[in-house]
Amino acid sequence: MGSFSLVHWLIFGVIAILVLGGGRFSNMMGDVAKGIKQFKKGMADDDETPPQRLEAKRADPVIDAEAQRVRDAER
């Protein structure tokens with residue numbers, strides 16, 4: 001009573017196809033298949049490219065000559 005048997009699911013599927021129409025159902029399943037293929041292709045493309053290492057560049061220290069002279073004069 002709590003679950004449906006295989007026969008119930010088959011009858012439900014046939015009624016769904018009759019209500020939605022065969023063409024609409026096949027188009028919908030085709031779109032699902034295309035989505036799965038695109039997902040698999042995207043996952044495969046990610047694996048082919050090696051991870052790139054990010055190089056950190058050191059910033060050149062900015063030396064303010066005037067400020068250096070003032071500090072030296074205060075000592």
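Conventions adopted
- Residues numbered from 1 in each chain as written.
- Predicted model: local features only at pLDDT ≥ 70, side-chain atom pairs only at ≥ 80, totals over all residues.
- Heavy atoms only, no water.
- Helix = DSSP H or I, 4+ residues; strand = E, 2+ residues; numbered from the N terminus.
- Buried < 20%, exposed > 50% of the residue type's maximum accessible area, 1.4 Å probe, protein only.
- Areas by Shrake-Rupley, 256 points an atom, 1.4 Å probe, with all protein chains shown as cover.
- pLDDT = per-residue confidence, 0-100.
- Patch = residues over 30% accessible without salt bridge, like charges linked within 9 Å, V, L, I, M, F, W, Y side chains within 5 Å.
- Salt bridge = Lys/Arg side-chain N within 4 Å of Asp/Glu carboxyl O.
- Phe/Tyr/Trp six-rings, centres within 6.5 Å; stacked < 30°, edge-to-face > 60°.
- Expected span 1.5 Å × (residues − 1).

## Observations regarding the overall build of the chain
When you go through the chain residue by residue, the secondary structure sums to 3 helices and 0 strands. Counting only residues that meet the buried cut, the chain has 0% of its 75 residues in that class. Counting every atom, the chain has about 7,900 Å² of accessible surface; 62% of that belongs to carbon and sulfur.

## Section: the confidence of the model for the chain
Overall, the prediction assigns the chain a mean pLDDT of 77, with 63% of residues at 70 or greater. Mean pLDDT in the chain bottoms out at helix H3 (residues 65-74), which sits at 69, and peaks at helix H1 (residues 6-20), which reaches 88.

## Quick notes on a nonpolar patch on the surface
Residues Val7, Ile11, Ile15, Ile17, Val19, Leu20, Phe25, Met28, Met29, Val32 and Ile36 make up a contiguous nonpolar surface patch of about 960 Å² in total accessible area. Those elements that place two or more of their residues in the nonpolar patch are H1 and helix H2 (22-48). If one sorts the elements of the nonpolar patch by residue count, H1 sits on top with 6 residues. With respect to the element layout, valine 32 can be found in helix H2. Looking at valine 32, the relative accessible area reads 42%, which means it is partly exposed.

## Thoughts on the packing of aromatic side chains
Under the criterion given, the structure shown has 2 aromatic pairs. Geometrically, the ring pair formed by phenylalanine 4 and tryptophan 9 is edge-to-face, given 5.7 Å between the ring centres and 75° between the ring planes. Of the two residues, phenylalanine 4 and tryptophan 9, both sit in the exposed class. Look at tryptophan 9 and phenylalanine 12: their rings are 6.1 Å apart centre to centre, the planes differ by 90°, and that puts the pair in the edge-to-face class. Linking tryptophan 9 with phenylalanine 12, this pair stays in helix H1, spanning 3 residues, or about one helical turn. For the pair tryptophan 9 and phenylalanine 12, a shared accessibility class is recorded, and that class is exposed.

## Regarding H1
A rise of 1.5 Å per residue sets the reference length of H1, with its 15 residues, at 21 Å; its end C-alpha atoms lie 21 Å apart and thus fit the reference within 8%. Phi for glycine 21, located one or two positions after H1, is positive at around 90°.

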